[in-house]
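Working through the structure, step by step
As a plain string of letters, each chain reads:
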Amino acid sequence: MRIQIVKIKKLVTASLALILAPMVYAEGDLSRANVQTVVLEMGTTDGQMYFKPDHLKFKTGQAYKIVLKNVDPIKHELEAHGFVEKIFTRKVEIADDKGALVAEIKGNIREIEVGPRTQVEWFVVPVQSGADIEMVCALEGHKEAGMHGLITIE
Ligand SMILES: [Cu+2]
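Heads up: these notes are all about the structure in this document. (Residues numbered from 1 in each chain as written. Predicted model: local features only at pLDDT ≥ 70, side-chain atom pairs only at ≥ 80, totals over all residues.)

1. Description of the nonpolar core
Threshold: Note on definitions: a nonpolar core is a set of buried residues drawn from Ala, Val, Leu, Ile, Met, Phe, Trp, Tyr and Cys, linked by C-beta atoms within 7 Å. Burial is judged by counting other C-beta atoms within 10 Å of a residue's own C-beta: 20 or more means buried, 12 or fewer means exposed, and anything between counts as partly exposed, with every C-beta placed from the backbone. Per the convention used, a helix needs a DSSP run of H or I reaching at least four residues, while a strand needs a run of E reaching at least two, with both numbered from the N terminus. Residues are scored as being in contact if the C-beta atoms we place from backbone atoms lie within 7 Å.
If you look at the biggest cluster of nonpolar residues, it comprises 24 residues, and the most contacted ones within it are Leu40 and Leu68. Broken down by element, the residue count for this core peaks at 4 residues, all from strand E9 (residues 119-126). Among residues more than four places away in sequence, those in contact with Leu40 are Phe51, Leu56, Ile66, Val67, Leu68, Lys69 and Leu78.

This is the structure:
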């Protein structure tokens with residue numbers, strides 16, 4: 001009888017460990033926990049090209065989904081070399097207008113070009129702080145037309 005109770009206790013402990021293991025793993029994965037959404041709109045108003053907002057703020061260790069939302073009938077891009085050196089990219093996701101997945105891209109990303117009236121989701125975790133990090137649209141003439149801004153990582 002006593003041996004059976006000990007066996008049951010061991011079995012319950014082992015089962016709990018199996019059930020809890022994935023949860024513990026998820027808690028340790030900074031890129032998946034408590035993801036915050038940041039929307040960066042790209043567009044043109046009265047001939048002035050813009051990033052809205054023109055100042056993005058992030059915190060190290062916090063997971064983000066950056067939605068690059070191009071509302072213009074022309075393509076734009078986000079180039080921020082100082083930023084990509086300070087983040088971990090989990091993935092970039094592209095969906096069609098019905099929300100069905102078109103592509104999921106994994107690995108380090110340097111720049112993202114977004115087609116006319118499309119959006120791209122960039123999942124990142126900033127790992128190093130930085131101030132006055134420049135972001136621009138590097139397409140010809142776009143920076144000069146107003147498409148630039150700053151990024152701060154606290
Ligand atoms: Cu542009």
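Here the narrative resumes, following the displayed structure.
2. Brief notes about the pairing of E9
The following threshold applies: Strand pairing is assigned whenever DSSP identifies at least 2 bridges connecting the two strands.
Here strand E4 (residues 64-70) runs beside E9; their pairing, made up of 6 bridges, is antiparallel. Paired with Val67 across the two strands is Glu121, which belongs to E9. Pairing of strand E6 (residues 87-95) with E9 involves 7 bridges; the strand directions are antiparallel. Pairing of Val92 across the sheet is with Trp122, part of E9.

3. Description of the sheet that holds strand E7 (residues 101-105)
What counts here: As a rule, the C-alpha atoms of each element are fitted with a line to give its axis, helices using only the stretch in contact, and angles between N-to-C directions run from 0 to 180 degrees.
In space, the 6 strands of this open sheet follow the order E2-E1-E4-E9-E6-E7, with mixed pairing throughout. Where the open sheet ends on each side, the last strands, each with one partner, are strand E2 (48-52) and E7. Pairs of neighbouring strands in the sheet enclose a mean axial angle of 15 degrees, with direction left out of account. Relative to E2, strand E1 (residues 36-45) runs antiparallel, the two sharing 5 bridges. Residue pairing in the sheet places Thr45 in a bridge with Gln48 of E2.

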